[in-house]
Amino acid sequence: MLEVDVARNVKTVKPPVIGLDIGTSSVKLVELQSVDDGLKLKIFDYVPLDPGVIVDGKIINAENVAVPINLMVVRHNLHGRKAVISVGGLSVIHKLINLPEMSQADLNALMDAEAEIYIPFDIADVYVDSVIIGSDTSGHMKVLLTAAKRELVDKYLNVVIAAGLDPIYIDSDMYAMFNVFATTSEYSTDDKVILLDIGDSMMRVVAVKNGVIEFMREIPLGGALLTEEIARERGISWLKAEQIKLETSSFPDALDLQKVYNRVVGSLVEEINRAVDFYTAVTVDGGPSKVFAFGGGAKTPTLREKLAEKLGIPVELGQPLQSIRIDTSWAKSLEERQADLAVVIGLAMRQE
Ligand SMILES: Nc1ncnc2c1ncn2[C@@H]1O[C@H](COP(=O)(O)OP(=O)(O)OP(=O)(O)O)[C@@H](O)[C@H]1O
Ligand SMILES: [Mg+2]
């Protein structure tokens, strides 16, 4: 039977499963291999998706997602392999709750009976998953409760099955990013950091204190906003605007583009700042000391600098491959893409 397991505390790593990050602008696929001293990247591939195929984390055109994924399945001979995917967006909600200490089995039973207290959706319409993510000295534990609309999840499952893979877990995008960070980063245990994923249509903010998640928020904006605004400013197609954006590796010379970059970067920074401000107001012992930024949108010229200025803390491009061995022939091409791979690496690290 399929286990739909939207968030689970995974630290140990026993590949191989196929990690499949079905994002708005592309699907990324990774297989990791256990080697003596850790993990090695065995397969990395990706296929672009057309605009409009996935909107706000929902699959709008299933065939236009399944067919490109199947291309990768055929290319690497992955028919029938176990895959781990993730979902996110407005149809997925995360709740951090405090409960008296109990076993995971007791927690599961409690949530079977009482999850509706915490979930703002009709309980019949969602898959619910709960995981213990930390405990304190006063006999309480912290639980991450995740609920995802069945309709959304079932569409993802059907697409993955149609593409020739066997989906065994569904994670959440934010938890997968946290998982790769927690598994591969050497950060001091009293650090308070922000993990930020700036994708094409979504930004994900996860605050971590002492290695435990304290705050999670998704913001329905991302790198696509810049493409849309370039297209509007210049009266050109989306495709042409995306090309201009990807060719612009530093702050643009053209005055009209400068205006667009300032405006869009300003709004993205403002939204992230709002989320971090909210977290800083609810956490104790001061705000975060650092941001690790992932996702293609984090490479937008000036964005990390402007965000660092606004938040008053360093913003570093994340390196999800830092502790993974990579063949030298791949190293160069992956250098440019590595920040985009946080979610898919987190998924590929999933223990079967
Ligand atoms: N060098 C770059 N400079 C600016 N933007 C970039 C760069 N490289 C990629 N992007 C943008 O990053 C976005 C894609 O990033 P990513 O692959 O993380 O998103 P996604 O996973 O497809 O989307 P989402 O997570 O929102 O579903 C696109 O908007 C793309 O134009
Ligand atoms: Mg993404």
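Residues numbered from 1 in each chain as written. Chains lettered and ligands numbered in written order. Predicted model: local features only at pLDDT ≥ 70, side-chain atom pairs only at ≥ 80, totals over all residues.

Examining the site of ligand 1
For step 1, the next point in the chain: Close to ligand 1 lie 20 residues, the nearest being Gly23, Ser25, Gly199, Gly223 and Gly296.
For step 2, the next point in the chain: The element that contributes the greatest number of residues to the shell around ligand 1 is helix α6 (residues 238-247), accounting for three residues.
For step 3, the next point in the chain: Partitioning the shell around ligand 1 into residue classes produces three nonpolar, twelve polar and five charged.
For step 4, the next point in the chain: Structurally, the shell around ligand 1 is a two-domain feature, drawing no fewer than three residues from each of domain 1 (1-185 + 322-352) and domain 2 (187-317). (Near = placed C-beta within 6 Å. Helix = DSSP H or I, 4+ residues; strand = E, 2+ residues; numbered from the N terminus. Nonpolar A, V, L, I, M, F, W, Y, C, P; charged D, E, K, R; others polar. Domains from an automatic or database assignment.)

Brief notes about the packing of helix α5 (residues 224-234) against helix α7 (residues 255-282)
For step 1, the next point in the chain: The N-to-C vectors of α5 and α7 enclose an angle of 145 degrees; their axes lie 10 Å apart at closest approach. Crossing angle aside, the handedness with which α5 passes α7 is right-handed. Across the interface between the two elements, Leu225, Leu226, Glu229, Ile230, Glu233 and Arg234 of α5 pack against Asp256, Leu257, Val260, Arg263 and Val264 of α7. (Axes fitted to C-alpha atoms, helices over the stretch in contact; angles between N-to-C directions. Left-handed = near helix turned anticlockwise from the far one by under 90°. Contact = placed C-beta atoms within 7 Å.)

Considering the sheet that holds strand β8 (residues 126-135)
For step 1, the next point in the chain: Spatially, the three strands line up as an open sheet ordered β7-β9-β8, and their pairing is antiparallel. With one partner strand each, in any of the chains shown, β7 (92-100) and β8 form the two edges of the open sheet. Between one strand and the next, the sheet's axes are offset by a mean angle of 25 degrees, whatever the strand orientation.
For step 2, the next point in the chain: One ladder, built from nine bridges, connects β7 with strand β9 (residues 140-149); its direction is antiparallel. In the sheet register, Pro100 faces β9, and the bridge partner there is His140. (Pairing = 2+ DSSP bridges.)

A short note on the domain arrangement of the chain
For step 1, the next point in the chain: When its domains are assigned, the chain resolves into domain 1 (1-185 + 322-352) and domain 2 (187-317).
For step 2, the next point in the chain: Measuring from the centre of the C-alpha atoms in domain 1 to the corresponding centre in domain 2 gives 22 Å.
For step 3, the next point in the chain: Opposite the 26 residues of domain 1 that make contact, domain 2 presents 24 residues.
For step 4, the next point in the chain: Only β7, β8, β9, α4 (173-184) and α10 (342-348) provide two or more residues apiece to the side of domain 1 that touches domain 2.

Some thoughts on the pairing of strand β1 (residues 18-22)
For step 1, the next point in the chain: The buried fraction of β1 amounts to five of the five residues, a majority that puts the element mostly inside the structure.
For step 2, the next point in the chain: Side-chain alternation along β1 places Ile18, Leu20 and Ile22 on one buried face and Gly19 and Asp21 on a second face that is also buried.
For step 3, the next point in the chain: Judged from the five bridges that link them, β1 and strand β2 (residues 26-35) form a sheet pairing that is antiparallel. Its bridge partner lying in β2, Ile18 is registered against Glu31.
For step 4, the next point in the chain: The loop that links β1 with its antiparallel partner β2 comprises three residues.
For step 5, the next point in the chain: Bridge count between β1 and strand β6 (residues 82-87): three bridges; the pairing is parallel. Bridge assignment links Ile18 to a residue of β6, and that residue is Ala83. (Buried ≥ 20, exposed ≤ 12 C-beta atoms within 10 Å, placed from the backbone.)

Some points on the sheet that holds strand β15 (residues 315-317)
For step 1, the next point in the chain: The five strands are arranged β13-β12-β11-β14-β15 in an open sheet whose pairing can be described as mixed. The sheet is open, and its two edges are formed by β13 (212-219) and β15, each paired on a single side. Strand-to-strand, the axes of this sheet are offset by a mean angle of 20 degrees, without reference to chain direction.
For step 2, the next point in the chain: Where strand β11 (residues 192-198) and strand β14 (residues 290-294) come together, five bridges link them in parallel fashion. Bridge pairing links Asp197 to Phe294 in β14.
For step 3, the next point in the chain: Sheet strands in contact with α7 are β11, β12 (203-209) and β13, and its direction is about 30 degrees off that of β12.
For step 4, the next point in the chain: Across the sheet, helix α8 (residues 303-311) touches β14 and β15, and the angle it forms with β15 is around 150 degrees.

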